[in-house]
Amino acid sequence: MGETTTILFVTSNQGKIAEAKEALRPYGIDIESYNPIPEIDEIQSSDLVVVAADKLMKAASNSNLSSSILGVMVEDAGFFLDEYEGFPGVYSSYVHKTLGISGVLRSLKGIENRNASFRCVIGIHIDGENFFFEGTCNGIVSDEIRGKNGFGYDPIFIPNEGDGRTFAEMKLEEKEIFSHRAKALKAFVSFLEEWKQSPTSNHGNGS
Ligand code: ITT
């Protein structure tokens, strides 16, 4: 993609930052992280896109953008259980802090349907416009907590496309092969490559 591009990722989640850096590095995109100031509270909505759009609006207006930053990025993600019609979904962060992954496992004890998915929506504010990219990873909930890597629900999630290990048993670069986040970031990279070539952009060869 030519010279390095820097994106400001506004998030309090170190795991998201590590994964975004790893996924975007091969494309010459660098992530600068910014821990949101208290005003960037999340609104409550059952829709990841609505939450991401609200986060993006607050992040873009609260971030001090230097000329070296191309855009501001936020992400809203969740863990969706089929048995509970998607719950915890947008409430994943809260459920993780309160029940924890052991509580989720207890609640599924004896339940046959262990299908689950991770979904994420990445929002990017670039040149005064907002763009959104989505990614999903389907899998099942393990019977026990396994592995030490990653964060959040990783120790109880086995992706369908994998080899039976949980995300927490995989190295970061292995999780990136299947993850919802990596899929959304890939969609962003494709968009950025086209956007940089567009005549209205003054950041690429097309200008
Ligand atoms: P920011 O809003 O500051 O970005 P957050 O952790 O609060 O950070 P979310 O509101 O998007 O992020 O919450 C999503 C929760 O879903 C997150 O806290 C994890 O518990 C879980 N989650 C999302 N992606 C995950 C992943 O790749 N692996 C494990 N758990 C994940």
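Look a little higher up for the structure.
Rules used throughout
- Residues numbered from 1 in each chain as written.
- Predicted model: local features only at pLDDT ≥ 70, side-chain atom pairs only at ≥ 80, totals over all residues.
- Heavy atoms only, no water.
- Helix = DSSP H or I, 4+ residues; strand = E, 2+ residues; numbered from the N terminus.
- Buried < 20%, exposed > 50% of the residue type's maximum accessible area, 1.4 Å probe, protein only.
- Phe/Tyr/Trp six-rings, centres within 6.5 Å; stacked < 30°, edge-to-face > 60°.
- Core = buried A, V, L, I, M, F, W, Y, C linked by side-chain atoms within 4.5 Å.
- Contact = heavy atoms within 4.5 Å.
- Salt bridge = Lys/Arg side-chain N within 4 Å of Asp/Glu carboxyl O.
- Axes fitted to C-alpha atoms, helices over the stretch in contact; angles between N-to-C directions.
- Parallel < 35°, antiparallel > 145°, perpendicular 65-115°, else oblique.
- Left-handed = near helix turned anticlockwise from the far one by under 90°.

Observations regarding unusual backbone geometry
Most peptide bonds adopt trans geometry, and most residues besides glycine take a negative phi value. A cis amide bond, omega 10°, links F87 with the succeeding residue P88. Positive phi is not limited to glycine here, since E85 has a value of about 50°. Locating E85 in the fold gives a position in the loop between β3 (69-81) and β4 (88-89). Under the relative-accessibility criterion, E85 is labelled exposed at 79%. Although it is not a glycine, D127 adopts a positive phi angle of roughly 50°. Tracing the chain through its elements places D127 in the loop between β5 (115-126) and β6 (129-141).

Section: the packing of aromatic side chains
This structure, assessed with the given rule, holds 10 aromatic pairs. An angle of 10° between the planes, with centres 6.0 Å apart, marks the rings of F118 and F167 as stacked. Linking F118 in strand β5 with F167 in the loop between β7 (157-159) and α5 (172-178), this pair joins segments that are 49 residues apart in sequence. Comparing F118 with F167, the two get one shared label, buried. One aromatic cluster is present, built from ring pairs that chain together F79, F118, Y153, F157 and F167.

Some thoughts on the nonpolar core
I31, M73, I126, F188 and L192 are the most contacted members of the largest nonpolar core, which has 23 residues in total. When residues in this core are grouped by element, the largest group, 7 residues, is from helix α6 (residues 180-197). Once you skip the residues sitting within four places of it in the chain, I126 turns out to touch L70, G71, F131, F188, L192 and W195.

Things to note about helix α4 (residues 100-107)
Where α4 is concerned, the buried positions are G100, I101, G103, V104 and L105. In this structure, the buried residues of α4 make contact with β3, α3 (92-98) and β6.

Details of the pattern of salt bridges
All told, the structure shown has 13 salt bridges when counted by the stated rule. Here R114 ties to D143 by a salt bridge, and the two come within 3.6 Å at their closest N and O atoms. Linking R114 in the loop between α4 and β5 with D143 in the loop between β6 and β7, this pair joins segments that are 29 residues apart in sequence. The class for D143 is exposed, based on a relative accessible area of 66%. Here R165 and E174 are joined by a salt bridge, their closest N and O atoms 2.9 Å apart. Through salt bridges with shared partners, a single ionic network connects K16, E19, E75, D154, K175 and R181.

Re the packing of helix α1 (residues 14-24) against α6
Contact pair α1 / α6: the axes reach a minimum separation of 10 Å and the direction vectors enclose 45°. Taken together, α1 and α6 sit at an angle that is classed as oblique. Here the hand of the crossing between α1 and α6 comes out right-handed. Facing K16, E19, A20, A23 and L24 of α1, the residues of α6 in contact are R181, L185, F188 and V189.

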